[in-house]
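Next come the chains, spelled out residue by residue.
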Amino acid sequence: GAGVSQSPSNKVTEKGKDVELRCDPISGHTALYWYRQSLGQGLEFLIYFQGNSAPDKSGLPSDRFSAERTGGSVSTLTIQRTQQEDSAVYLCASSSRLAGGDGVNIQYFGAGTRLSVL
Amino acid sequence: AQSVTQPDIHITVSEGASLELRCNYSYGATPYLFWYVQSPGQGLQLLLKYFSGDTLVQGIKGFEAEFKRSQSSFNLRKPSVHWSDAAEYFCAVGARGYSTLTFGKGTMLLVSP
């Protein structure tokens with residue numbers, strides 16, 4: 001696609017329910033990142049994919065959070081048993097070595113999914 | 001560990017006035033530095049980046065930034081602000097390859113008439 005696409009754009013759920021957030025990266029981008037943006041907290045790194053594998057998942061805040069990527073393209077971030085503190089905007093970004101020339105990382109972001117846990 | 005500090009949470013500038021947004025970083029090696037802008041309800045858009053070479057880099061929308069190694073700073077500037085520049089601005093530091101970016105907490109720019 002022309003840019004990084006995320007769906008849904010807004011999600012309201014009840015505490016304790018599971019949610020799935022989807023990210024469709026720029027075509028051909030091999031790296032994919034998930035961030036969480038809470039009010040006044042900037043962007044918090046969650047997980048990074050290179051192809052279908054996740055060499056860095058150090059930012060996932062608890063075992064309720066998981067993510068997968070299939071076919072080197074679409075990624076899904078799943079939050080189980082949602083809590084009110086999970087309310088935030090979840091941003092996805094993708095990058096390609098080619099875009100960065102000598103391999104420097106330039107990340108392109110989607111518009112995010114705003115998650116509200118009631 | 002790398003870190004980014006944006007000392008100003010909010011800045012208000014009159015339309016037509018000049019702008020400088022501050023960014024200080026902490027990183028052990030040569031940093032790669034970025035400025036992103038986020039308009040309400042939108043994702044982050046890359047304004048400019050510094051990888052190497054000339055320490056004054058030009059970006060989109062008339063923005064520029066200067067890398068000062070001695071001060072560990074990468075401040076963003078614009079000579080004349082337009083109302084459409086009102087947004088949140090994020091500074092980020094990264095490294096070669098596919099490593100993650102570390103972001104500052106952002107500076108919200110308000111433009112007064």
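Quick notes on the rules
Residues numbered from 1 in each chain as written. Chains lettered and ligands numbered in written order. Predicted model: local features only at pLDDT ≥ 70, side-chain atom pairs only at ≥ 80, totals over all residues. Heavy atoms only, no water. Salt bridge = Lys/Arg side-chain N within 4 Å of Asp/Glu carboxyl O. Buried < 20%, exposed > 50% of the residue type's maximum accessible area, 1.4 Å probe, protein only. Helix = DSSP H or I, 4+ residues; strand = E, 2+ residues; numbered from the N terminus. Disulfide = S-S within 2.5 Å. Pairing = 2+ DSSP bridges. Contact = heavy atoms within 4.5 Å. Buried area = accessible area lost by both parts, 1.4 Å probe. Polar contact = N/O pair within 3.5 Å; in protein donor to acceptor, adjacent residues only side chain to side chain.

Draft legend 1. Region of the structure containing the pattern of salt bridges. Counting across every chain of the model gives 6 salt bridges over all chains. With a shortest N-O distance of 3.0 Å, Glu44 of chain A and Arg36 of chain A are connected by a salt bridge. Under the relative-accessibility criterion, Arg36 of chain A is labelled buried at 10%. Across the salt bridge formed by Glu64 of chain B and Arg77 of chain B, the nearest N and O atoms sit 3.2 Å from each other. Within this pair, whereas Glu64 of chain B is found in strand β8 (residues 64–68), its partner Arg77 of chain B is found in strand β9 (residues 73–78), the two being separated by 13 residues in sequence. Counted as one network, the salt bridges with shared partners bring together Glu64, Glu66 and Arg77 of chain B.

Draft legend 2. Inspection of the state of the cysteines at higher detail. Residues and elements named next belong to chain B. Counted according to the given criterion, the structure contains 2 disulfides over all chains. Each sulfur in the disulfide pair Cys23 and Cys91 lies 2.0 Å from the other. Here the S-S torsion is close to -65 degrees, and the disulfide linking Cys23 with Cys91 is therefore left-handed. Linking Cys23 in the loop between β3 (19–21) and β4 (24–26) with Cys91 in strand β10 (residues 87–94), this pair joins segments that are 68 residues apart in sequence. Each member of the pair, Cys23 as well as Cys91, carries the same accessibility label: buried.

Draft legend 3. The arrangement of the pairing of strand β2 (residues 10–14) of chain B in detail. Residues and elements named next belong to chain B. Going residue by residue along β2, you find Ile11 and Val13 tucked away on one face and His10, Thr12 and Ser14 left uncovered on the opposite face. Examined bridge by bridge, β2 and strand β12 (residues 107–112) share 5 bridges and lie parallel to one another. Paired with Thr12 across the strands is Leu110, a residue of β12.

Draft legend 4. How the structure looks around the interface of chain A and chain B. Counting residues at the interface gives 27 residues for chain A, matched by 23 residues for chain B. Between chain A and chain B, roughly 1,900 Å² of surface is buried when both sides are summed, and carbon and sulfur atoms account for 58% of that area. Counting every contact that joins chain A to chain B gives 0 salt bridges. Applying the counting rule to chain A against chain B returns 2 residue pairs in polar contact (both at pLDDT 80 or more). For the side of chain A that touches chain B, the elements supplying multiple residues, two or more each, are β4 (31–37), β5 (43–50) and β9 (88–95) of chain A.

Scope: geometric values only; no functional claims are made or implied.
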